[in-house]
Amino acid sequence: APDQRLSGKHILVTAGPTHEPIDPVRYVANRSSGKQGFAIADACAQLGARVTLVSGPVALPTPAGVTRVDVETAREMADAVGAALPADVAVMVAAVADWRVEAAGQKLKKGAGAPALSLVPNPDILADLGASPHRPRLLVGFAAETERVLDHAAAKRAAKRADWIVANDVSGDVMGGEANTVHLVTETGVESWPHAPKAVVARRLAQRIADAL
Ligand code: C5P
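Residues numbered from 1 in each chain as written. Predicted model: local features only at pLDDT ≥ 70, side-chain atom pairs only at ≥ 80, totals over all residues. Heavy atoms only, no water.

> Got a sec to walk through the site of the ligand? Specific residues and values, please.
Inspection of the region around the ligand gives Met 92, Ala 94, Val 96, Asp 98, Pro 123, Asp 124, Ile 125, Leu 126, Gly 141, Phe 142, Lys 156 and Lys 160 as its neighbouring residues. The separation between an oxygen atom of the ligand and a polar side-chain atom of Lys 160 is 2.9 Å. Considering the ligand on its own, with 450 Å² of exposed area, one finds that the protein chains cover 85% of that surface. Its residues placed into classes, the shell around the ligand shows seven nonpolar, one polar and four charged. (Near = heavy atom within 4 Å. Polar contact = N/O pair within 3.5 Å; in protein donor to acceptor, adjacent residues only side chain to side chain. Areas by Shrake-Rupley, 256 points an atom, 1.4 Å probe, with all protein chains shown as cover. Nonpolar A, V, L, I, M, F, W, Y, C, P; charged D, E, K, R; others polar.)

> Any chance you could break down the sheet that holds strand S4 (residues 50-55) for me, citing the residues and the numbers?
The sheet built from eight strands is open, its strands ordered S5-S4-S1-S6-S9-S10-S12-S13 with mixed pairing. Looking at strand neighbours, the two that pair on one side only are strand S5 (66-70) and strand S13 (189-192), the edges of this open sheet. Within this sheet the neighbouring strands show an average axis-to-axis angle of 15°, counted without direction. Sheet topology note: the strand S10 (residues 164-169)/strand S12 (residues 182-186) ladder contains four bridges and is antiparallel. Each bridged residue has a counterpart across the sheet, and for Ala 167 the counterpart in S12 is His 183. Where helix H1 (residues 35-46) meets the sheet, it contacts strand S1 (10-15), S4, S5, strand S6 (89-92) and strand S9 (138-145), and its direction lies at approximately 170° from that of S4. Each of S1, S4, S5 and S6 is contacted by helix H2 (residues 74-84), which is oriented at about 175° to S1, the strand it contacts most. (Pairing = 2+ DSSP bridges. Helix = DSSP H or I, 4+ residues; strand = E, 2+ residues; numbered from the N terminus. Axes fitted to C-alpha atoms, helices over the stretch in contact; angles between N-to-C directions. Contact = heavy atoms within 4.5 Å.)

> Could you give me a rundown of the confidence of the model for the protein chain, with the residues and numbers involved?
Overall, the predicted model of the protein chain reaches an average pLDDT of 94, with 98% of residues at or above 70. Our summary of model confidence lists the complex with pTM equal to 0.94 and ipTM equal to 0.93. (pLDDT = per-residue confidence, 0-100.)

> I'd like to hear about the packing of aromatic side chains, residue by residue, with values.
For the structure shown, the criterion picks out zero aromatic pairs. Over the face of the ring belonging to Trp 164 we find Arg 208, whose NZ or CZ atom lies 5.7 Å from the ring centre. (Phe/Tyr/Trp six-rings, centres within 6.5 Å; stacked < 30°, edge-to-face > 60°. Lys NZ or Arg CZ within 6 Å of the ring centre and 35° of its normal.)

> Can you explain the pattern of salt bridges? Please cite residues and give values.
Taken as a whole and judged by the stated rule, the model has 10 salt bridges. Here Asp 3 makes a salt bridge to Arg 5, at a shortest N to O gap of 3.5 Å. The partly exposed category is assigned to Asp 3, whose relative accessible area is 30%. Looking at Arg 5, the relative accessible area reads 37%, which means it is partly exposed. Among the ionic pairs, Glu 191 bridges to Arg 208, the shortest N-O distance being 2.4 Å. Note that Glu 191 is positioned in strand S13 and Arg 208 in helix H5 (residues 198-212), a separation of 17 residues in sequence. Arg 208 sits in the partly exposed class, given a relative accessible area of 23%. Shared partners join several salt bridges into a network, and the residues in it are Asp 3, Arg 5 and Asp 211. (Salt bridge = Lys/Arg side-chain N within 4 Å of Asp/Glu carboxyl O. Buried < 20%, exposed > 50% of the residue type's maximum accessible area, 1.4 Å probe, protein only.)

> Quick rundown of the pairing of S9? Include the residues and the values.
Within S9, seven of the eight residues are buried, leaving the element largely enclosed by the surrounding structure. Relative to S9, S6 runs parallel, the two being bridged by four bridges. The residue bridging Met 92 from the neighbouring strand is Gly 141, located in S9.

Now the structure itself:
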């Protein structure tokens with residue numbers, strides 16, 4: 001029989017980038033294909049979990065058995081995460097834009113010269129969940145870093161009150177690629193996992209989640 005160790009659990013996953021409009025036709029965004037988050041949603045569903053996947057704009061099919069909520073901006077993502085609670089586990093994989101633009105209501109015209117973009121901070125969805133009375137029992141964040149990966153991940157784990165941080169070394173060709181090199185940072189230390197396809201990283205994380213519950 002297939003392993004259904006996550007049956008009866010609700011797992012919330014965020015994935016993809018957010019798009020923050022500049023005007024009705026332009027946006028700023030983070031780089032993210034959504035592949036790692038979608039693979040994690042898939043792996044959790046395959047272990048029997050009820051999975052809500054809150055996704056920014058990506059070009060990926062919905063994994064079988066997963067409930068998908070599509071959003072565009074960070075604020076929409078924060079609202080969708082709030083609406084999906086309660087959850088036993090949240091895995092925040094999305095590359096959320098840290099700032100949004102004070103958007104223009106009409107298309108900016110090129111002839112008017114290069115506009116100055118005024119940026120305002122977006123909500124930190126992971127940190128807000130870490131401090132929330134509805135905090136999931138197991139809260140997992142991601143940290144995409146290009147240097148001092150483990151230091152930054154440990155700092156992030158504390159600052160955001162996450163249980164685990166999956167530290168992602170994005171100095172290579174991870175972005176949009178099929179494989180990933182990650183380190184799992186927990187309360188007890190750091191585990192470095194071998195470079196592997198994103199689906200393999202996802203299955204390993206889903207197994208670790210099942211072990212922890
Ligand atoms: O601070 P930084 O963006 O590097 O943290 C990354 C982690 O925080 C990821 O898990 C990401 O999904 C989450 N995050 C978030 N909301 C933000 C920024 C990051 O949930 N506004």
